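Overview (structure and organization)
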Amino acid sequence: MGGQGTPTGNGAASSLEATGRPDQEAVSTLLVGDSIAFTIARAMGEVAHRFPVRAQHGTMIGCGIARGGPIRDAGLTVNVPDDCGRWPDVWRHCVDSHPVDVAAVLVGRWEVVDRVHAGRWTHVGDPDFDAYLRRELELGIEILQGAGAQVLLVTAPYCRQVGPDGCDFPQNEPGRTDRFNVLLAEVAADCVGVEVVDLNARLCPDGNYVEEIEGMVLRRGDGIHLTRAASTWVAEWLLAEMVALGRSDRLGAVG
């Protein structure tokens, strides 16, 4: 089972504001989520000037929306940072601090690992744990929509985290990520003002994990986080999606 430890990262929240066009036409965007979201958020800060946006993020390194633990990560039984349980407070702080037109949620990395929940080891695909994840997603949507934001749920990408001896880990199973992404779609279908954008399809075309697309290396050596080039590529795509959603809502309100 492995020894005791802590996941990479400390659960700290980060924020930025990069204004592309400081006028009433700018769409105020927010990205919340885990460390994969953090790498994209940093790239957003570099490319936001190309878009009519005011961008901010409230990502938490080492944290998803599933709370409690411990978890099994990369063959080790590890404790979850205490700060991870504060993600609802972090999201509330973000929407209370700045107006938000469109909020994107990118989690899943920590939702597909084995985890102790309600006193037993479980993982996504277990009906009770799936119901819990739905409630967490609904809570996050409630927080974001309570501030007037439209919500984009971003699908989790497949990962391929390999141990030093080449061993594989359960969280790499595509079926786990697929199941989590189905939950996203189900929650979105049940909620007004919530849409899904498919990052997994963008990074993993044809339903397969790939190392590169058209010569662009997608992942760092850990098989999880995006390279700088891939982060920029995704940031531009996601900002365009958020702007389109924000503007369509305004047009609908005017019409």
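Before reading further, recall that the structure is shown in the block above.
Overview of the structure. (Residues numbered from 1 in each chain as written. Predicted model: local features only at pLDDT ≥ 70, side-chain atom pairs only at ≥ 80, totals over all residues. Heavy atoms only, no water.)

Of the regular secondary structure elements, the protein chain holds 6 helices and 13 strands. Each of the 255 residues in the protein chain was classed as buried or not, and the buried ones make up 51%. Intrachain contacts of the protein chain at a sequence separation of at least 6 include 78% that bridge at least 24 residues. About 11100 Å² of surface is accessible on the protein chain, with carbon and sulfur atoms providing 50% of the total. (Helix = DSSP H or I, 4+ residues; strand = E, 2+ residues; numbered from the N terminus. Buried < 20%, exposed > 50% of the residue type's maximum accessible area, 1.4 Å probe, protein only. Contact = heavy atoms within 4.5 Å. Areas by Shrake-Rupley, 256 points an atom, 1.4 Å probe, with all protein chains shown as cover.)

Let us now look at the state of the cysteines. Tallied over the entire structure, the rule returns 1 disulfide. Disulfide pairing is shown between Cys 63 and Cys 84; the S-S distance is 2.0 Å. Taking the torsion about the sulfur-sulfur bond, which here is approximately -75°, the covalent link between Cys 63 and Cys 84 counts as left-handed. You can see Cys 63 sitting in the loop between strand 4 (53-59) and strand 5 (71-73) and its partner Cys 84 sitting in the loop between strand 6 (76-78) and helix 2 (87-97), a full 21 residues away along the chain. Here Cys 63 and Cys 84 have matching classes, each one buried. In this model Cys 204 remains outside any disulfide bridge; the closest cysteine sulfur is found in Cys 159, 7.9 Å from its own. (Disulfide = S-S within 2.5 Å.)

Attention now moves to the nonpolar core. Residues Leu 31, Ile 40, Met 44, Leu 106, Leu 199 and Leu 238 are the most contacted members of the largest nonpolar core, which totals 39 residues. Take this core: its biggest share by element is 9 residues, from helix 6 (residues 228-254). Excluding anything up to four places from it in sequence, Leu 238 contacts Leu 31, Met 44, Ala 104, Val 154 and Val 197. Among the nonpolar cores identified, the runner-up in size contains 35 residues, and Trp 87, Ile 143, Leu 183 and Val 194 belong to it. (Core = buried A, V, L, I, M, F, W, Y, C linked by side-chain atoms within 4.5 Å.)

With that out of the way, let us pick up the packing of helix 3 (residues 127-146) against helix 4 (residues 174-190). Direction vectors running N to C along helix 3 and helix 4 enclose 50°, while the axes themselves pass 10 Å from each other. When the axes of helix 3 and helix 4 are compared, the pair comes out oblique. Considering the relative orientation of helix 3 and helix 4, their crossing is right-handed. Together, Asp 130, Leu 133, Arg 134, Leu 137, Glu 138 and Ile 141 of helix 3 and Arg 179, Phe 180, Leu 183, Leu 184, Glu 186 and Val 187 of helix 4 make up the contact between the two elements. Considered class by class, the residues forming the contact of helix 3 with helix 4 number 7 nonpolar, no polar and 5 charged. (Axes fitted to C-alpha atoms, helices over the stretch in contact; angles between N-to-C directions. Parallel < 35°, antiparallel > 145°, perpendicular 65-115°, else oblique. Left-handed = near helix turned anticlockwise from the far one by under 90°. Nonpolar A, V, L, I, M, F, W, Y, C, P; charged D, E, K, R; others polar.)

According to the stated counting rule, one finds 13 salt bridges in the structure shown. We note a salt bridge from Glu 46 to Arg 228, for which the minimum N-O separation is 3.1 Å. Of this pair, Glu 46 sits in helix 1 (residues 35-47) while Arg 228 sits in helix 6, and the two are 182 residues apart along the sequence. Here Arg 67 ties to Glu 136 by a salt bridge, and the two come within 2.9 Å at their closest N and O atoms. Taken together, the residues Arg 67 in the loop between strand 4 and strand 5 and Glu 136 in helix 3 connect sequence positions 69 residues apart. Take Arg 67: its relative accessible area is 27%, and that puts it in the partly exposed class. When its relative accessible area of 6% is taken as the criterion, Glu 136 is described as buried. The structure contains a network of salt bridges with shared partners spanning Arg 72, Asp 114, Glu 173 and Arg 176. (Salt bridge = Lys/Arg side-chain N within 4 Å of Asp/Glu carboxyl O.)

Nothing here speaks to function; it is all geometry.
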